[in-house]
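# Descriptive structure summary
What follows is the residue order along each chain.
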Number of protein chains: 2
Amino acid sequence: MLSKERILSLLKSQNYDQLIYEFDEYNTFTIVEEISDLEIDDLIKILVVTPKIISADVFANFDFEVKQEIFESIKKADIEKIFEHLFTDDIVEVLLELSPNRIRFLLDHIDKDTRLAFEELLTYPIDSAGALMTTDYIRLHEDDTFSEALDKVKRQGRIAEIVTDCYVINDQEQLVGTIKLKDLLFGDATDMLIDSMEGSIVSVHVEQDQSDALELMQKYDLLVLPVVNEDEKIIGIITIDDIIDVLEQEVTHDVHSMAGITKVEGSYIDMGILEMAKARIPWLLIIMVTAFFTELVLDHFSMELAVVPVLAAFIPMTMGTSGNAANQATVMVVRSIAVDNLSMKDTAKIFLKETQVSLYLMVIMGIATFIRLLVFPPMIMLDVILSITLSIVISLYIGNVIGGLLPIVALRLKQDPAAMAAPLVTNIMDISSLLVYFICAKLLLGI
Amino acid sequence: MLSKERILSLLKSQNYDQLIYEFDEYNTFTIVEEISDLEIDDLIKILVVTPKIISADVFANFDFEVKQEIFESIKKADIEKIFEHLFTDDIVEVLLELSPNRIRFLLDHIDKDTRLAFEELLTYPIDSAGALMTTDYIRLHEDDTFSEALDKVKRQGRIAEIVTDCYVINDQEQLVGTIKLKDLLFGDATDMLIDSMEGSIVSVHVEQDQSDALELMQKYDLLVLPVVNEDEKIIGIITIDDIIDVLEQEVTHDVHSMAGITKVEGSYIDMGILEMAKARIPWLLIIMVTAFFTELVLDHFSMELAVVPVLAAFIPMTMGTSGNAANQATVMVVRSIAVDNLSMKDTAKIFLKETQVSLYLMVIMGIATFIRLLVFPPMIMLDVILSITLSIVISLYIGNVIGGLLPIVALRLKQDPAAMAAPLVTNIMDISSLLVYFICAKLLLGI
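Computed from a predicted structure; not experimentally measured. (Residues numbered from 1 in each chain as written. Chains lettered and ligands numbered in written order. Predicted model: local features only at pLDDT ≥ 70, side-chain atom pairs only at ≥ 80, totals over all residues. Heavy atoms only, no water.)

### Re the pairing of strand β3 (residues 175-180) of chain A
All names here are of chain A. Put simply, the rule is: Only strands joined by at least two bridges in the DSSP assignment are considered to pair. Counting from the N terminus, the helices are DSSP H or I runs at least four residues long and the strands are E runs at least two residues long.
Of the pairings in the sheet, the one linking strand β2 (residues 165-169) to β3 comprises five bridges and is antiparallel in character. The residue of β3 that forms the bridge with Cys166 is Ile179. Linking β2 back to β3 in an antiparallel pair, the connection comprises five residues, with Glu173 at a positive phi of about 60°.

### Focus on the pattern of salt bridges
Put simply, the test is: A side-chain nitrogen of Lys or Arg and a carboxyl oxygen of Asp or Glu constitute a salt bridge if their distance falls within 4 Å. Think of it in three bands: residues with accessible area under 20% of the maximum for their type are buried, residues over 50% are exposed, and the middle band is partly exposed, with areas taken using a 1.4 Å probe on protein chains only.
In the structure shown here, the tally under the stated rule is 32 salt bridges over all chains. Here Glu295 of chain A and Arg372 of chain B are joined by a salt bridge, their closest N and O atoms 2.3 Å apart. Taken together, the positions of Glu295 of chain A in helix α16 (residues 273-300) and Arg372 of chain B in helix α19 (residues 347-375) put the pair across two chains. For the pair formed by Glu295 of chain A and Arg372 of chain B, the shared burial category is buried. The salt bridge partner of Asp346 of chain A is Lys345 of chain A, with a shortest N-O separation of 3.5 Å. On the accessibility criterion, Asp346 of chain A (5% relative accessible area) is buried.

### Overview of helix α8 (residues 88-95) of chain A
The condition is simple: Note on contacts: a residue pair is in contact if any heavy atoms of the two residues lie within 4.5 Å.
By the criterion of burial, α8 of chain A is predominantly enclosed, with seven of the eight residues buried. Lining the buried residues of α8 of chain A we find α5 (52-60), α6 (64-73), α7 (76-85), α9 (100-107), α10 (112-121) and α15 (240-258) of chain A.

### Some thoughts on the relation of the copies chain B and chain A
One copy of the chain maps onto the other through a rotation about an axis plus a displacement along that axis. Definition in use: For the least-squares superposition of copies, only C-alpha atoms count, and only for residues with pLDDT at least 70 in both.
With an axial shift of 0.1 Å and an RMSD of 0.2 Å, the rotation relating chain B to chain A amounts to 180°. Both copies of the chain, as the preceding transformation shows, are related through a two-fold rotation axis. Looking at chain B, 100% of its interface residues are interface residues in chain A too, so the copies touch through the same face.

### Details of a negative patch on the surface
Here is the rule: A patch consists of residues whose relative accessible area exceeds 30% and which take part in no salt bridge; residues with like charges are grouped when within 9 Å of each other, and nonpolar side chains (Val, Leu, Ile, Met, Phe, Trp, Tyr) when within 5 Å. Note that accessible areas follow from Shrake-Rupley with a 1.4 Å probe, and for residues the cover is restricted to the protein chains shown. Under the counting rule used here, the positive set is Lys and Arg, the negative set is Asp and Glu, and His together with the chain ends is not counted. Charged groups are reduced to one reference atom each: NZ for lysine, CZ for arginine, CG for aspartic acid, CD for glutamic acid.
Where like charges cluster on the molecular surface, the negative patch consists of Glu97, Asp127, Asp209, Glu215, Glu250, Glu265 and Glu275 of chain A. With respect to the secondary-structure elements, Glu250 of chain A resides in helix α15.

### Here we look at the packing of α16 of chain A against helix α18 (residues 315-340) of chain B
We count it as follows: All axes here are fitted lines through C-alpha atoms, helices being fitted over the stretch that makes contact, and every angle between N-to-C directions spans 0 to 180 degrees. Reported orientations rely on four angle classes, namely roughly parallel under 35 degrees, roughly antiparallel over 145, roughly perpendicular from 65 to 115, and oblique for the rest. Left-handed describes a crossing whose near helix is turned anticlockwise from the far helix through less than a right angle; right-handed describes the clockwise counterpart. Three classes are used, and their members are as follows: Ala, Val, Leu, Ile, Met, Phe, Trp, Tyr, Cys and Pro are nonpolar, Asp, Glu, Lys and Arg are charged, and the others, Gly among them, are polar.
Contact geometry of α16 of chain A with α18 of chain B gives a least axis separation of 9 Å together with a crossing angle of 155°. As far as their axial angle goes, α18 of chain B and α16 of chain A are roughly antiparallel. The interaxial crossing formed by α16 of chain A with α18 of chain B has right-handed handedness. When α16 of chain A is examined against α18 of chain B, the residues Met276, Arg280, Trp283, Leu284, Ile287, Met288, Ala291, Thr294, Glu295 and Leu298 of chain A are found in contact with a partner set consisting of Pro316, Met317, Gly320, Thr321, Asn324, Ala325, Gln328, Ala329 and Met332 of chain B. Tallied by class, residues from the contact of α16 of chain A with α18 of chain B come to twelve nonpolar, five polar and two charged.

### Some remarks on the sheet that holds strand β1 (residues 139-141) of chain A
Residues and elements named next belong to chain A. The three strands are arranged β1-β2-β3 in an open sheet whose pairing can be described as mixed. At either margin of the open sheet sits one strand with a lone partner, and together these are β1 and β3. Across the sheet, the mean angle from the axis of one strand to that of its neighbour is 35°, orientation sign disregarded.

### So, the sheet that holds strand β5 (residues 224-228) of chain A
Residues and elements named next belong to chain A. One open sheet holds the three strands; their spatial order is β4-β5-β6, and the pairing between them is mixed. This sheet does not close on itself; its edge strands, each paired only once, are β4 (204-205) and β6 (234-239). Here five bridges tie β5 to β6, and the two strands are oriented antiparallel to one another. Each residue of the ladder has a partner; that of Val228, found in β6, is Ile234. Sheet contacts for helix α14 (residues 210-219): β4, β5 and β6; angle to β5, the most-contacted strand, approximately 135°.

### Here we look at the packing of aromatic side chains
Residue and element names in this part refer to chain A. Here is the rule we go by: A pair of aromatic rings is counted whenever rings of Phe, Tyr or Trp (Trp by its six-membered ring) have centres within 6.5 Å, and the orientation is called stacked for planes under 30 degrees apart, edge-to-face for over 60 and tilted otherwise.
All chains considered together, the criterion is met by 17 aromatic pairs over all chains. Both rings, one in Phe59 and one in Phe71, keep their centres 5.8 Å apart while their planes meet at 65°; by these two values the pair is edge-to-face. Here Phe59 is found in helix α5, whereas its partner Phe71 is found in helix α6, with twelve residues between them in sequence. Accessibility classification places Phe59 together with Phe71 in one group, the buried group. Taking 6.3 Å as the distance between ring centres and 75° as the angle between the ring planes, the aromatic pair formed by Tyr137 and Tyr167 counts as edge-to-face. Placement of Tyr137 in the loop between α10 and β1 and of Tyr167 in strand β2 is noted, with a sequence separation of 30 residues between them. Each member of the pair, Tyr137 as well as Tyr167, is classed as buried.

The structure is reproduced here in structure tokens:
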């Protein structure tokens, strides 16, 4: 049984072969669980003495703070080994969070080619495909035969992050095709790659956004996406496990946007207090300022409130109901834009659908409002009941249509529908439902 | 160049070898794009005449409506071939939406073993691992040598959905290990599987929830997850592309829940009007009913409103600001529960964090409110300004703490935090901010 004590004793007695042998018996996750509370120096030792096939996966599964601490603590002598033993994308991810001095120190102690490669990787914008890619992939040449190719796979494959797909380049190192490992394996040894490879390749440019890479991988159902530079040379691959993280970040960003929170990085617990306050204050201020218009409406109708004071008591119910209905419509459409690629051409469909759904909501909520006002205190006159019920029904319809169409308006203005539509809809509905409320009161009650 | 016309002419002249040859040159997506507006009968023809290695992927990439139409239209003679040529999970997905009569008709025209297998697959609950799995995977025996295993891979592998991992069974067909294709490939032909396989296996039970499968695959970073029955026999695998769909569904459900929408299936455009209304009405009714308490508070303080009528004008601003702040806190914590596994043990941390963030929000929003009331109409007395500012500052703090902790309360009550916390928080804040508002007014204005 693999245990923390066993691992420590093997490390102490420098019985690394036995350690590697025992690690081989367990999956990465079990190993990570056992070693996760070892001292950082022991973790570094393990990464240095185990072959890349173990160390790279183990490191990839550490918590980010552990990864960071490891890179803060590596001694000169171990730097080269560590850089060899990990996947490049995992290293870059950590380097991006270190101080410039520490990065310099680390890069100064690896061989020149590797250093130049990492220096280039570190120049890509933080949200670009380049910052997400790994350079551990299998490269074959178009003039290789299957048997030559399999030899290359054998040499590169053990350490590559994913070996389902191999990438085929020409003399200019341009990506000209892909071939699946299983096709290489089951083909004829004398076949030529150039005749058998898949020639139509989906790839992403190194400086393109990570969300573009995500979209391509979802559209084409890819486990791996090659990354190319402006000369069409392949310089890395993006793997599906990394893109799932991008998906989760995008979703978090969308969900936060819909609640009026600007973009934040990192988990709730680790996030800085000031950073969190900054992300939340802008929208609170906007709400406060736009509430000014709500006050103007209330002020304008103060005479009506003075004549029928009970009207004031039902303002929150009217505003709350129509605001929430509008928010429901907005959230459904925003999510559908993200998942089903709902677009501007669907404007008419959305209008029709919200109108139809509104009919149900208006009937049910109208009846419920009427009964509620009739039965529960404060007791009010029938004409006031009718006026309030009518205004709820009308503002429900306005809310559904505005809520459903606002995300499409955001698309047309080339804005993020989640960031623009969801927070805005409450304000628009506050004002419009108040207007409807008082106009109904004026017309039906003759005030 | 692959074109719709070329494909149609090859189909008409029954030149299937040439068709397969040309399909081989292009990726699945290009093929699907070209053929997607062919007649259903032509699509069925293509699926029947191309080998599984092409047809299975092509079918998997059709829109769901096309898949459904294909299964509605297959003629007797083609049924057997279609069932052979597609991945089982894709077939099951469609069968689940067909009429019982049509399912019966289809299953009656395939061989007995396949029929029994599908009948079993169709019995799994719609959200279970069993309903998501495919039975196209590679099975090896623990007593196989590497060379025997590679022969089996060769036979099964061409048609398996994913061949990175092979599953090793014992005489009782129980799952006893896994081995990576690359290890088989690079190992010694005389090695025994039983010595080289990975013995510690992560698997999911066939009747477990799909969300459990999702969790396991995220936790262990798996591309494939084996599915076992109560006898520990392997009966299928779940692949990462299918689990990404589950992830998106779960996120959609969470996002909808936070906006007070109950669980709905399918895309916005396809969803039934009645279904959508049913998903939205419950929460609108709850809001209407709880607004009753808001009215009670307003009614209770009607005397104060009569003395200082201008107080009424700023109720929406106070309720809006604190409600939105609370909602921001709730959404951040709910999302963090989903992504970072924030749990009950973090209650104190959340309380502390929200308190600290509140300090910033209270200072900034307090100053902003004060200036706004001092400068913009309607002009009000300084003591009223102070009273309103104080109540905004206090209810901001209450909102942040309640908003942050409510999702944790939901966890403790074993409720879905997204469904319980987010819609509830607005109501709680409406009432508590109103109370704060009037208590401040009573104390500071002496009314």
